[in-house]
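Observations on chain architecture
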Amino acid sequence: MRYMLPLGMTKSEIESHISNLHSTLTSSADLTPGDRVSLRNEIGYWQDKLALLEFRQENEDIDYGYHAQYDM
């Protein structure tokens, strides 16, 4: 029961998808324990993608390159 969406999603689309997954988790009484675990994992996956998207937008000026590591 994995809902994979394109990674080119906007922040609002990811938030909407997470909300839909939460509502499915709370409203469906006929889910097996395995389905519930799968939904929780899926929610966690998309929350991680959202956090990464927010981090990248907030820290666009970070330079991850090497800076004179061999200057002696």
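Structural data are supplied above this passage.
Now for a description of the structure that goes with this document. (Residues numbered from 1 in each chain as written. Predicted model: local features only at pLDDT ≥ 70, side-chain atom pairs only at ≥ 80, totals over all residues. Heavy atoms only, no water.)

Some remarks on the overall build of the chain
In terms of regular secondary structure, the chain is built from two helices and zero strands. The buried share of the chain, taken over its 72 residues, is 18%. Expressed as a percentage of contacts within the chain between residues at least 6 apart in sequence, the contacts between residues at least 24 apart total 62%. Accessible surface computed for the chain: about 5600 Å², of which carbon and sulfur atoms make up 53%. (Helix = DSSP H or I, 4+ residues; strand = E, 2+ residues; numbered from the N terminus. Buried < 20%, exposed > 50% of the residue type's maximum accessible area, 1.4 Å probe, protein only. Contact = heavy atoms within 4.5 Å. Areas by Shrake-Rupley, 256 points an atom, 1.4 Å probe, with all protein chains shown as cover.)

Overview of helix α1 (residues 11-27)
When the terminal C-alpha atoms of α1 are compared, their 24 Å separation across 17 residues agrees well with the 24 Å that a helix rising 1.5 Å per residue should span. Looking at α1, one finds that the buried residues are Ile 14, His 17, Ile 18, Leu 21 and Leu 25. Along α1, the residues classed as buried sweep out an arc of 100° about the axis, all on the same side. When the buried face of α1 is taken as reference, the exposed residues oriented beyond 90 degrees from it are Thr 26 and Ser 27. (Expected span 1.5 Å × (residues − 1). Arc of directions from axis to C-beta.)

Considerations on the packing of aromatic side chains
Two measures describe an aromatic ring pair: the distance that separates the ring centres and the angle between the ring planes. For the structure on display, the rule yields one aromatic pair. With a centroid separation of 5.0 Å and an interplanar angle of 85°, the aromatic rings of Tyr 45 and Trp 46 are classed as edge-to-face. On the basis of relative accessible area, Tyr 45 is assigned to the partly exposed category, the value being 21%. For Trp 46, a relative accessible area of 1% corresponds to the buried category. (Phe/Tyr/Trp six-rings, centres within 6.5 Å; stacked < 30°, edge-to-face > 60°.)

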